[in-house]
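Here is how the chains run, residue by residue.
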Amino acid sequence: MAEDLINSFMTGPDENGRFGMFGGRFVSETLMPLILELEEQYENAKTDQSFWDEMHDLWTHYVGRPSPLYHAARLTAHLGGAKIYMKRDELNHTGAHKINNVLGQIILARRMGKTRIIAETGAGQHGVATATVCAKFGLKCVVYMGAHDVERQAPNVFRMRLLGAEVVPVTSGRGTLKDAMNDALRDWVTNVRDTFYCIGTVAGPHPYPAMVRDFQSIIGTEAKEQMQAAEGRLPDTIVAAIGGGSNAMGLFYPFLDDKSVNIIGVEAGGKGVNAKMEHCASLTGGRPGVLHGNRTYLLQDDDGQILEGYSISAGLDYPGIGPEHSWLHDIGRAEYVSITDAEALEAFKLCCEQEGIIPALEPSHALAHVMKIAPDLPHDHIICMNMCGRGDKDIFTVAKHLGVDIDTGS
Amino acid sequence: MTRIDRKFAALKAEGKKAFVAYVMAGDPDAETSLEIIRGLPGAGVDVIEMGMPFTDPMADGPTIQLAGQRALAGGQTLQKTLDMVLAFRETDDETPIVMMGYYNPIYNRGVDRFLADAREAGIDGLIVVDLPPEEDAELCIPAQAAGLNFIRLATPTTDDKRLPKVLTNTSGFVYYVSITGITGAAEAQAADVGPEVARIKAKTDLPVIVGFGIRTPEAAEAIASVADGAVVGSAIVKLIEQERPVPEILAYVRSLADGAHRA
């Protein structure tokens, strides 16, 4: 391991799906043959040019890639320090980065002859992306969503249903994202022959964390090229929000071996990272454990029972984090910080006012950290943050927190 | 030799099939749970499988999920589960106890500490659902070294190519999961299970016990007749959920045990 570290941060995971001590394949025996088959099929696809040709064709003509790299000039001037760029993945079809990964997994599912796709979703963005791509290919789609989230994300539930997906409200446990993932796994264990489980983030048993990272890496690969074109060099700092961590891993991965680049992941601090656990900051407020097929940092109590996270952002509301982030945290290659609900709301408002971009609450967390650090950095310091989703889905939540009645506008 | 090995040797000598009963530790509360567990051997149970409650039981259906939630809401912890086994052992040093659950509470306690405590308490074997052979170094190998049986699940998706991997490092018995699915779901069919059990027995001398989807004395008999024994969990736990009196629960367990023993 030590030798690997000297050469590259990009070689993981190992053949057992480990990033250092994190990751692995902690699943029941029924699922084990399935994830081994998935791993084999993914390894084949990865080196098959026709697979990537199909991906790039759809990324270009269906998703709208490459997404722009945008110099946020007014925000830069307003903060008075570092030069701020935004990677505009909120302009993708379906409004977030989620579709980058979904396309890859569904093309793979089709190659494997699977006819039924299942997914879990929190805020509904991954569910909408999955329902969208399933509609495009005429595949049956079942989305598991915590009953609590079904209630607070009604527009996305309607979108998924319009797209022909069956949305199953999950009432087991406490009816949140982690319970939705449990129920998706229960479905998969029951329907092993025809079903493909399309996981929405860089978590779960190997090969999911690596596979989802690879599909999302288009974000960082593009950003690197675009930054070269715009500035003739690498950025100094890259910043992304983290729930499970797929948009962040997608931006970070192509930069891991560029030692001059500071990498910062921003977790959801909710009402504050303290003993009351009203947050989703697994790295800053949790400790290593095993859940949903992988070892990673988790929010848990003294007895190893998993705690519910809390965040204003339903997309960050998960008590774990992708195992590669846990590893990058422990070896110190990336820095992880947290931002509270209140700070994220401030960033949300500032972005609307200064840049004419309504951001999702998830990247608002990343932007809030940019607001903290940019003023003290020199003008020639370049920050690239991942604007990974648009805020249309969040206007009801934001209105509520700002004390505005959205029907009367007062 | 553990109590599990001795029990199966004795059953074999008598030409009897095994009946294994599953209950969740601490369900509906610690006191009632201990009373039920103490009554199981007298109701004909050969091996007790005790669930360790976990917030995220991914392989379990609603009945066992709710049992875990009841236990956790009542304050059940891994320590209290260990204490419960210790209390059971005060009056019964014969009946094997297998702990069944998920890895995180064990990992959280620390594997070495857990194994020492489990042995001390009088636990004989472990079934940890989310530890496939690929993760043997985590707990399976240390558990065997500590003198505990590590019982593996084999499933309908465990094909011939994979079966040897599943059987390596397995001890005590093999738990064949009769269906693809979660506990308490589809009904196990003896016609499907028989050939699968034969397939596994061709590769191992260990007893093969079948669980998942067995609810009635008739089903226990039918399944036990094509295997070395049968496990019933959700059907018993359902009675606990309905707050039936302990004697009534144990009477039903007796009928299940009689079914399996008729086979």
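Residues numbered from 1 in each chain as written. Chains lettered and ligands numbered in written order. Predicted model: local features only at pLDDT ≥ 70, side-chain atom pairs only at ≥ 80, totals over all residues. Heavy atoms only, no water.

Observations concerning the overall build of chain B
What chain B contains, in helices and strands, is twelve helices and nine strands. On C-alpha atoms alone, chain B measures out to a radius of gyration of 17 Å, which is about the 18 Å that the 2.2 N^0.38 rule sets for 263 residues. Seen through its C-alpha atoms, chain B measures out along the principal axes to roughly 45 × 40 × 35 Å. Counting over 263 residues, chain B shows a buried share of 63%. In chain B, 73% of the contacts between residues at least 6 apart in sequence involve partners at least 24 apart. Of the roughly 9,400 Å² of accessible surface on chain B, a fraction of 52% belongs to carbon and sulfur atoms. (Helix = DSSP H or I, 4+ residues; strand = E, 2+ residues; numbered from the N terminus. Rg over C-alpha atoms; globule rule 2.2 N^0.38 Å. Buried < 20%, exposed > 50% of the residue type's maximum accessible area, 1.4 Å probe, protein only. Contact = heavy atoms within 4.5 Å. Areas by Shrake-Rupley, 256 points an atom, 1.4 Å probe, with all protein chains shown as cover.)

Quick word on empty space enclosed by the protein
Over the atoms, a rolled probe matching the size of one water molecule traces out where space is still vacant. Taken as a whole, this structure holds nine cavities of 30 Å³ or more when the rule is applied. Roughly 390 Å³ of volume is contained in the largest cavity. Along the wall of the largest cavity there are 31 residues; nearest its centre are His97, Lys98, Gly244, Gly315 and Leu316 of chain A. Of all the secondary-structure elements, those providing two or more residues to the lining of the largest cavity are strand E5 (116-121), helix H6 (125-137), helix H9 (177-190), strand E9 (237-242) and helix H12 (246-252) of chain A. Residues belonging to the lining of the largest cavity are distributed by class as follows: eleven nonpolar, 16 polar and four charged. Estimated volume of the second largest cavity: approximately 170 Å³. Around the second largest cavity, the lining is made up of 18 residues, and of these Thr183, Phe212, Val232, Gly233 and Ser234 of chain B lie nearest the centre. Among the elements of the structure, strand E9 (229-232) and helix H11 (234-241) of chain B are those that each provide at least two residues to the lining of the second largest cavity. Residues of the lining of the second largest cavity, tallied by class, amount to nine nonpolar, six polar and three charged. (1 Å grid on protein atoms, 1.4 Å probe; cavity = no way out; pocket = protein on both sides within 12 Å on 5 of 7 lines; lining within 4 Å. Points joined across faces, edges and corners; volume = space filled by probe spheres on them. Nonpolar A, V, L, I, M, F, W, Y, C, P; charged D, E, K, R; others polar.)

A word on the sheet that holds strand E14 (residues 382-386) of chain A
Residues and elements named next belong to chain A. The strand order across the open sheet formed by six strands is E3-E4-E14-E9-E10-E13, and the pairing between neighbours is mixed. Of all strands in the sheet, those bounded by a partner on one side alone are strand E3 (69-71) and strand E13 (335-340). The mean inter-strand angle of the sheet, taken between neighbouring strand axes irrespective of direction, is 30°. With five bridges joining them, strand E4 (residues 83-87) and E14 adopt parallel strand pairing. Note on E14: the bridge partner recorded for Lys87 is Asn386. (Pairing = 2+ DSSP bridges. Axes fitted to C-alpha atoms, helices over the stretch in contact; angles between N-to-C directions.)

Looking at the interface of chain A and chain B
Facing 39 residues of chain A, the contacting portion of chain B comprises 37 residues. Carbon and sulfur atoms supply 48% of the area that chain A and chain B bury against each other, a total of about 3,000 Å² over both sides. Of all residues in chain A, the largest losses of buried area upon contact with chain B belong to Glu29, Arg186 and Gln305 of chain A, amounting jointly to 23% of the total for that side. Ionic pairing is found between Asp56 of chain B and Lys178 of chain A, a salt bridge with its closest N-O pair at 2.8 Å. At the level of elements, strand E2 (22-26), helix H2 (32-46), H9, strand E11 (287-291) and strand E12 (293-298) of chain A are the ones that each hand at least two residues to the side of chain A that touches chain B. The leading source of residues in the side of chain A that touches chain B is H9 of chain A, at seven residues. (Buried area = accessible area lost by both parts, 1.4 Å probe. Salt bridge = Lys/Arg side-chain N within 4 Å of Asp/Glu carboxyl O.)

With respect to the pairing of strand E3 (residues 97-101) of chain B
All names here are of chain B. Burial runs high along E3: five of the five residues are buried. Side chains of E3 alternate between two faces, with Ile97, Met99 and Gly101 and Val98 and Met100 buried alike. Bridging between strand E2 (residues 47-51) and E3 involves four bridges; their strand directions are parallel. Bridged to Ile48 within E3 is Ile97. Where E3 lies against strand E4 (residues 125-128), four bridges are found, and the strand directions are parallel. Residue pairing for E4: Val98 is matched across the bridge by Gly125.

What about the nonpolar core?
Grouped together as the largest cluster of nonpolar side chains are 125 residues, with contacts concentrated most on Trp188 and Tyr197 of chain A together with Tyr175 of chain B. For Tyr175 of chain B, the contacting residues outside a window of four places in its chain are Glu49, Ile127, Ile151, Arg152, Leu153, Ala154, Ile209, Gly211, Phe212 and Val231 of chain B. By size, the runner-up hydrophobic cluster in this structure holds 72 residues, among which are Val23, Leu40, Ile214 and Ala230 of chain B. (Core = buried A, V, L, I, M, F, W, Y, C linked by side-chain atoms within 4.5 Å.)

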